[in-house]
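Residue strings, one per chain:
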Amino acid sequence: MTNLDLLTAADVQLMQGLAQRVTATHPHLVNAEATYGELAWNWGKSHAAHGATWPRRLWFAGGRLVAWGWAQLPHRVFRSDGRSKDVTNANLVYQIHPDHADLIDEIIEWYGQVAAGLERTVVPTAADELALKQWAAHGYETDPSSLGDTGFWTQLNQRDLVDVAEPVLPPGFRFRTADEAGPEAAVRAHVDAWAPSTFTAEGFQGVRQTAGYRGDLHLLVEAPDSTMASSTIMWLDEVNRTAEFEPVGTHPGFRRQGLARAMLLYGMRRVRSLGATHATVACLGAPGHPRARGLYHSVGFREISRDAPLVSRQA
């Protein structure tokens, strides 16, 4: 194995398996970007465009994956409004099984090698005291852009599915699935909600091919004029009987009508019928980003962990 081995679909499945094992015993130590659903979503939507800039390294013990690092190196992003953006820094997503926490130093060293000479960011969980100590020892500091009311740090939220209210849509709206509405409608719903978006038909094809994607759990709300006004994908982790919402978005022209709230409730009742006992969703946690957090709190979600963004500008 070399430091330039690129991330593959098979690797992502192994990484999802580690996410499931950590979730089962130490859910507060699962990085927000390393959850079962987030791994599938991020890999699926972007690997065709950016996979050539994704080196990875895997660590095994007793034949099982116990740690991994996924470096995202500089690349160009194309958006739905026709503009592009150059990402000039490196970012690391990683996960370590708590029984092998001492591997953090090897991950830090490997990241420094593959991203040498670049500004480097990483987002460990705030609860991982050992990792935070070791990142600091290697020159990483709190990312200034994460501070203050408009900081971009993420919190992971959870709720049980014991008592989920009945969803109520405005007259003329109805729930659909991506299986029913088709790929074009599913892509349009996401692009409209997140414009300017980097999501494409090719990206959606990648998402559909990931482990864990189910078209019957890709939910949409159709407006009376046939616009797909809101959408979300639910990732069902049958091992832990949890379901993760990622992403969640509503068309700007249909916001403040209760569509996302109804969709979340509908989704939770749907996965509960499939055996799920808990649901999770991530959102920005700083005070200056209240909308998503307020929505999720309104349907019973509460924070279980948060990330601690770090940056190193050392060569």
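## Describing the sheet that holds strand 1 (residues 56-61)
Adjacent strands of a sheet form backbone hydrogen bonds with each other and so pair up, either parallel or antiparallel.
Link 1 in the chain: As summarised here, the arrangement of the six strands in space is 1-2-5-6-15-7, forming an open sheet in which the pairing is mixed. In this open sheet, the two edge strands, each paired with only one partner strand, are strand 1 and strand 7 (141-142).
Link 2 in the chain: The pairing of strand 2 (residues 64-72) with strand 5 (residues 90-96) spans six bridges and is antiparallel. Directly across from Trp68, in strand 5, lies its bridge partner Gln95.
Link 3 in the chain: In this fold helix 1 (residues 9-25) packs onto strand 1, strand 2 and strand 5, with an angle of close to 120° to the strand it touches most, strand 2.
Link 4 in the chain: Contacts from helix 4 (residues 129-137) reach strand 5, strand 6 (120-122) and strand 15 (310-312), with the element oriented near 145° to strand 5.

## Describing the packing of aromatic side chains
Link 1 in the chain: A complete count under the given rule lists 13 aromatic pairs for this structure.
Link 2 in the chain: Between Trp54 and Trp70 the ring centres are 5.0 Å apart and the planes differ by 70°, which places this aromatic pair in the edge-to-face class. In this pair, Trp54 sits in the loop between helix 2 (36-50) and strand 1 while Trp70 sits in strand 2, placing the two residues 16 residues apart along the sequence. Here Trp54 and Trp70 have matching classes, each one buried.
Link 3 in the chain: Measuring from centroid to centroid gives 6.3 Å for Phe245 and Phe301, while their planes differ by 85°, and the two rings are edge-to-face. Residue Phe245 is found in strand 12 (residues 242-250), and its partner Phe301 is found in the loop between helix 9 (290-298) and strand 14 (302-306); the two are separated by 56 residues along the sequence.
Link 4 in the chain: For Phe245, a relative accessible area of 1% gives the class buried.

## Here's the deal with helix 4
Link 1 in the chain: All of the buried residues in helix 4 are Ala131, Gln134 and Trp135. Seen along its axis, helix 4 keeps its buried residues to an arc of 100°; they face one direction. Of the exposed residues in helix 4, those oriented more than 90 degrees away from the buried face are Glu129, Lys133 and Ala137.

## As for the nonpolar core
Link 1 in the chain: By size, the foremost hydrophobic cluster in this structure holds 31 residues, and its most contacted members are Phe173, Phe245, Met268, Tyr296 and Phe301.
Link 2 in the chain: Mapped onto this core, the elements with two or more residues apiece are strand 10 (218-222), strand 11 (228-237), strand 12, helix 8 (259-272), strand 13 (278-284) and helix 9.
Link 3 in the chain: Examining the composition of this core, we find that eight residues originate from one element, helix 8, more than from any other.
Link 4 in the chain: Residues in contact with Tyr296, not counting those within four places in the same chain, are Val248, Leu264, Val281, Ala282, Cys283 and Phe301.
Link 5 in the chain: Ranked by size, the runner-up nonpolar core spans 22 residues in total, among them Leu73, Ala90, Leu92 and Leu310.

## Quick word on the pattern of salt bridges
Side chains carrying opposite charge are able to pair once their charged atoms draw close together.
Link 1 in the chain: Within the structure shown, the criterion is met by 13 salt bridges.
Link 2 in the chain: We note a salt bridge from Asp192 to Arg188, for which the minimum N-O separation is 3.0 Å. Here Arg188 and Asp192 lie together in helix 6 (residues 183-194), a separation of four residues that amounts to about one turn.
Link 3 in the chain: Given a relative accessible area of 47%, Arg188 falls into the partly exposed group.
Link 4 in the chain: The shortest N-O distance in the salt bridge between Asp216 and Arg214 comes to 2.8 Å.
Link 5 in the chain: Connected through shared salt-bridge partners, Arg174, Arg176, Glu180 and Glu222 make up one network.

## Notes on the pairing of strand 5
Link 1 in the chain: Taken across its seven residues, strand 5 has seven buried, putting it largely inside the fold.
Link 2 in the chain: Alternating residues of strand 5 divide into Ala90, Leu92, Tyr94 and Ile96 and Asn91, Val93 and Gln95, and every residue in both groups is buried.
Link 3 in the chain: Note: strand 5 against strand 6, three bridges, orientation parallel. Counterpart to Ala90 in the pairing with strand 6 is Arg120.

About the cut-offs
Residues numbered from 1 in each chain as written. Predicted model: local features only at pLDDT ≥ 70, side-chain atom pairs only at ≥ 80, totals over all residues. Heavy atoms only, no water. Pairing = 2+ DSSP bridges. Helix = DSSP H or I, 4+ residues; strand = E, 2+ residues; numbered from the N terminus. Contact = heavy atoms within 4.5 Å. Axes fitted to C-alpha atoms, helices over the stretch in contact; angles between N-to-C directions. Phe/Tyr/Trp six-rings, centres within 6.5 Å; stacked < 30°, edge-to-face > 60°. Buried < 20%, exposed > 50% of the residue type's maximum accessible area, 1.4 Å probe, protein only. Arc of directions from axis to C-beta. Core = buried A, V, L, I, M, F, W, Y, C linked by side-chain atoms within 4.5 Å. Salt bridge = Lys/Arg side-chain N within 4 Å of Asp/Glu carboxyl O.

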